[in-house]
Amino acid sequence: PLVSMRQLLDHAAENGYGLPAFNVNNLEQVQAIMEAAAECDSPVIMQASAGARKYAGEAFLRHLIDAAVEAYPQIPVVMHQDHGQSPAICMGAIRSGFSSVMMDGSLMEDGKTPSSYDYNVAVSREVVKFSHSIGVTVEAELGCLGSLETGQAGEEDGVGAEGTLDHSMLLTDPDQAADFVKQTDCDALAIAIGTSHGAYKFTRKPTGDILAIERVKAIHARLPNTHLVMHGSSSVPQELLEIIRQYGGDMKETYGVPVEEIQTAIKFGVRKINIDTDIRLAMTGAVRKFLFENPSKFDPREFLKPAREAAKLVCKARFEAFGCAGQA
Ligand code: G3H
Ligand code: 13P
Ligand code: NA
Ligand code: ZN
């Protein structure tokens, strides 16, 4: 059934596990996530970005998720709107059936310019007000995603701030987080700890100076009852990069957020872990490999099947690693 995000996150907190939140754009991704969830008996968070709505259209996304709920009646599913840029966008998503929304007030409506604290409080509080009155969960964000290595917001595919960010914005302040949650009453809080969207997060395997897991602990100490969210949390597995390179792709050396670091963060109150890039890498590698090995094939089903299978393996691995296998 379609369930509320709050209900899933509360259960995760009570039982000490985390939930991957996978971005979806098309049929094969939805199927991959649901097959993985069914095989490991996990609850599901599927989320749609502005880019997903632009690509697939609101109606197609909604009906794909409805289809998932119908096909897997035993699996609890949350349909979450990722990175809402304004209260109006969040309202639109709720009207179209999303059971959870993210109001990303860390940036202005352009989705690029870092906002003031007061603006963020105001828009987040507004969304909480209308959402809670109808049982919709709200995720807010304090701090900006970006690299502690370079100070660059560094989002290569257009999601997130642009240019160089002040170092203080790249790490969520625990005292400010406590004030923010008190003022907004958001259900979940996305925090900045040095991760960024996309495949190019770190130039080396991250250590504590560039991936601030300790900061999660400090924020959790101030906000023990708030569900923390990690964005930009793909692990960018080296073996997936290798498959892409082996079959003609061109990807520079890069590192993601190691699964062990996420496991530590889950111990410190992280309940929702956003993952998009890893599914993209898995599908791209599988498509490249199939078409390279079968140059005469042209039925999309033939290359989308291994792509779906590769995405499913990533999802299963995250469900298991984050402790939500068996929790559906
Ligand atoms: O928010 C970041 C996600 O990876 C979505 O990316 O805007 O390209 O769909 P997208
Ligand atoms: P990745 O690019 O690391 O998969 O992050 C996705 C995300 O945070 C979506 O909101
Ligand atoms: Na989100
Ligand atoms: Zn994100």
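Residues numbered from 1 in each chain as written. Chains lettered and ligands numbered in written order. Predicted model: local features only at pLDDT ≥ 70, side-chain atom pairs only at ≥ 80, totals over all residues. Heavy atoms only, no water.

Colleague: Would you take a moment to explain the coordination of the sodium ion (ligand 3) for this structure?
Modeller: For a metal with four tetrahedral donors the ideal donor-metal-donor angle is 109.5 degrees, whereas six octahedral donors ideally subtend 90 or 180 degrees. His80 (NE2), Asp82 (OD), Glu139 (OE) and Lys272 (NZ) make up the full set of protein donors to the sodium ion (ligand 3), lying at 2.5 to 3.1 Å. Positions of the donor residues of the sodium ion (ligand 3) along the chain correspond to the pattern H-x1-D-x56-E-x132-K. (Donors = N, O, S within 2.8 Å, 3.2 Å for Na, K, Ca; no water.)

Colleague: Can you help me understand the nonpolar core in this one?
Modeller: Ranked by size, the top nonpolar core spans 105 residues in total, and within it Val44, Met46, Leu189 and Phe319 carry the most contacts. Top contributing element to this core by residue count: helix α2 (residues 27-40), with seven residues. Met46 has contacts with Phe22, Val24, Val30, Ile33, Met34, Ile65, Ala68, Val77, Val78, Met79 and His80, leaving out every residue within four places of it along the chain. (Core = buried A, V, L, I, M, F, W, Y, C linked by side-chain atoms within 4.5 Å. Buried < 20%, exposed > 50% of the residue type's maximum accessible area, 1.4 Å probe, protein only. Helix = DSSP H or I, 4+ residues; strand = E, 2+ residues; numbered from the N terminus. Contact = heavy atoms within 4.5 Å.)

Colleague: What exactly am I supposed to notice about the pairing of strand β5 (residues 137-142) here?
Modeller: Each regular strand shows side chains that alternate between the opposite faces of the sheet. Burial runs high along β5: six of the six residues are buried. As paired elements, strand β4 (residues 100-103) and β5 share four bridges and run parallel to each other. Looking across to β5, one finds that Ser100 is bridged to Thr137. Traced from β4 through helix α6 (residues 117-132) to β5, the parallel crossover comes out right-handed. Pairing analysis gives four bridges linking β5 to strand β6 (residues 188-191), with the strands arranged parallel. Directly across from Ala140, in β6, lies its bridge partner Leu189. (Pairing = 2+ DSSP bridges. Right-handed = clockwise from strand over helix to strand, strands pointing away.)

Colleague: Any chance you could explain the coordination of the zinc ion (ligand 4) here in plain terms?
Modeller: Distances from the zinc ion (ligand 4) to its protein donors, His83 (NE2), His197 (NE2) and His231 (ND1), fall at 2.0 to 2.1 Å. All donors of the zinc ion (ligand 4) belong to a single chain; written as a sequence motif, their spacing is H-x113-H-x33-H. The two metals, the zinc ion (ligand 4) and the sodium ion (ligand 3), are separated by 5.6 Å. Residue His83 is located in strand β3 (residues 77-84), and its partner His197 is located in the loop between β6 and α8 (213-222); the two are separated by 114 residues in the primary sequence. As far as burial versus exposure is concerned, His83 and His197 are alike and both buried.

Functional significance is not addressed by these values, which are geometric in nature.
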